[in-house]
Amino acid sequence: MSGATTLPERGSAVARTLAILRKELLDTLRDRRTAAVTLLSAIAAGPIFLLLIFNLIASQAERARDLALPVVGAEYAPAVVAFLERAQVSVSKAPPDYDAQIRRGDLDVVLVIDERFAADVAQGKPGTVQLVFDRSRDRARVSIDQAEALMRGYNRLWGDQRLMLRGVTASVANPLRVETSDLATPQQSGALVLFLVAYYGLFASVMGGMAVALDTTAGERERQSLEPLLMTPARPVEIVAGKWLAVCAFNALVVTLTLTGFYLTLAFAPLPPVGVPFLFGAREFVRLLLVLVPMILMLPALLLYVGSRARAYKEAQANVSVLLFVVSLIPLVQLFMQRKEPAWLVLVPVSAQYSLLNTSLRGEAPALAQLALAWLAPAALIAIALTAVARRLARESILAGR
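Residues numbered from 1 in each chain as written. Predicted model: local features only at pLDDT ≥ 70, side-chain atom pairs only at ≥ 80, totals over all residues. Heavy atoms only, no water.

Engineer: Describe empty space enclosed by the protein, naming the residues involved and giving the relevant values.
Structural biologist: Applying the stated criterion across every chain yields a total of 1 cavity of 30 Å³ or more. Looking at the largest cavity, it is lined by 11 residues, and the ones nearest its centre are Thr216, Thr217, Ser308, Val389 and Leu393. For the lining of the largest cavity, the secondary-structure elements that each account for two or more residues are α8 (210-223), α10 (236-268), α11 (282-309) and α14 (368-393). No other element matches the 3 residues that α8 contributes to the lining of the largest cavity. Split into classes, the residues belonging to the lining of the largest cavity amount to 6 nonpolar, 3 polar and 2 charged. (1 Å grid on protein atoms, 1.4 Å probe; cavity = no way out; pocket = protein on both sides within 12 Å on 5 of 7 lines; lining within 4 Å. Points joined across faces, edges and corners; volume = space filled by probe spheres on them. Helix = DSSP H or I, 4+ residues; strand = E, 2+ residues; numbered from the N terminus. Nonpolar A, V, L, I, M, F, W, Y, C, P; charged D, E, K, R; others polar.)

Here it is, written out as structure tokens:
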């Protein structure tokens, strides 16, 4: 058996389980390179992750403030150009190959004014302008939306002035006054940030214990150190419980470090201003940790089961990719759902935790009933997975690679 832990031949099952736990933790810490990479990446991921997000949002906001709009045919509609300049738009002459530059991403949007603009307006016809852009480019969407909004604003202003010249009040053409009242809290305003923080926090609970879980099952089987462990007085259920507790402890450490990275970054780091008063204090930290506890305990059990079924470490890694795909896909499906999430979703692992994470990040305390319901399925899966692993260890065929 790897490690220097000696299992008591006599004593309680708890003592033998704790001896297995100690042995697995020592084995994990002996592999200093893997442990260091896992822990350092967990603590550094949060700051790097948020820095990239906030810089992206800040750059998009800056592009919206400083809109540069190349114009073709500015001489045909000087009033349009004057309106744009009053709106603090940087108007310039568009290059001849503007369409090619838009396709390459060198330009975001170009305004093309029809050469018959003045003649059409003089005859009482609508003047024609065209916005040329490529909406498939994400970085250009802010400029495109702002250019479209400016053209709609000029169209509305011009129509109101025409009515006034004819002695008609502008309210005749606008019989409906729309007022808005946004009920979103300051934290709810950063929808993208909310999703990404919840998504990454959830994913950390998967990645945190993956290496340890596979090493303590498929890795030991491949190194042929599993047989000496099975020859000890510890029963298979005690061995499995000890391994599971060790993986859970390491997983909890990784998740805690990841959330700590988010907390320190949002509390003290000089992040760029993004116009989103996103809060992540000690209260949100505790809430997220409580929501993730079922995942911290459930995923190591599932990983142990996957690892116990593999003949080699590489095979276990390939099998785990399916679990990673499912866990990463569920939040994306919920994000793109175009309707309110059904109440029964709180009973579905991963979905329930993702919803509760979003609730916590929106500044709301999850209901105790929801937290309790979110425990039901993970608790059942933990029991099923650990029982299945213990039964596999109780069979001699486990050593023969079957």
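Engineer: Now, about the sheet that holds strand β2 (residues 90-93): what can you tell me, with residues and values included?
Structural biologist: The strand order across the open sheet formed by 4 strands is β2-β1-β3-β4, and the pairing between neighbours is mixed. Strands at the two margins of the open sheet, each flanked by one partner only, are β2 and β4 (129-133). Neighbour-to-neighbour, the strand axes of this sheet turn through a mean angle of 30 degrees, independent of strand direction. Across 4 bridges, the pairing between strand β1 (residues 68-72) and β2 is parallel. Counterpart to Val71 in the pairing with β2 is Lys93. Here helix α3 (residues 78-86) sits on the sheet in contact with β1, β2 and β3 (109-113), set at roughly 140 degrees to β2. Contacting β1, β3 and β4, helix α6 (residues 141-165) crosses the sheet at an angle of about 175 degrees to β4. (Pairing = 2+ DSSP bridges. Axes fitted to C-alpha atoms, helices over the stretch in contact; angles between N-to-C directions. Contact = heavy atoms within 4.5 Å.)

Engineer: Any details on the pattern of salt bridges? Residues and values, ideally.
Structural biologist: Where charged atoms of side chains with opposite charge meet at close range, the side chains can pair. Following the criterion strictly, the structure yields 11 salt bridges and no others. Across the pair Glu24 and Lys243 runs a salt bridge, and its minimum N-O distance is 2.7 Å. Note that Glu24 is positioned in helix α1 (residues 13-30) and Lys243 in helix α10, a separation of 219 residues in sequence. Using a relative accessible area of 4% as the deciding quantity, one classes Glu24 as buried. The residue Asp145 makes a salt bridge to Arg135 at a minimum N-O spacing of 3.4 Å. Placement of Asp145 in helix α6 and of Arg135 in the loop between β4 and α6 is noted, with a sequence separation of 10 residues between them. (Salt bridge = Lys/Arg side-chain N within 4 Å of Asp/Glu carboxyl O. Buried < 20%, exposed > 50% of the residue type's maximum accessible area, 1.4 Å probe, protein only.)

Engineer: I'd like a rundown of unusual backbone geometry, residues and numbers included.
Structural biologist: Backbone geometry places Gln88, a non-glycine residue, at a positive phi of 65 degrees. With respect to the helices and strands, Gln88 occurs in the loop between α3 and β2. The backbone of Val350 shows a phi angle near 75 degrees, a positive value even though the residue is not glycine. Along the polypeptide, Val350 turns up in the loop between α12 (313-335) and α13 (351-361). The exposure class of Val350 is buried, given its relative accessible area of 5%.

Engineer: Can you explain the packing of aromatic side chains? Please cite residues and give values.
Structural biologist: Per the counting criterion, the structure on display carries 6 aromatic pairs. Summarising the aromatic geometry, the rings of Tyr199 and Phe203 are spaced 6.3 Å apart at their centres and angled 5 degrees between planes, so their arrangement reads as stacked. Here Phe203 and Tyr199 lie together in helix α7 (residues 191-207), a separation of 4 residues that amounts to about one turn. Classification of Phe203 by relative accessible area gives partly exposed; the value is 25%. By the ring-pair criterion, three or more aromatic residues cluster together here, those being Phe83, Phe117, Tyr154 and Trp158. (Phe/Tyr/Trp six-rings, centres within 6.5 Å; stacked < 30°, edge-to-face > 60°.)

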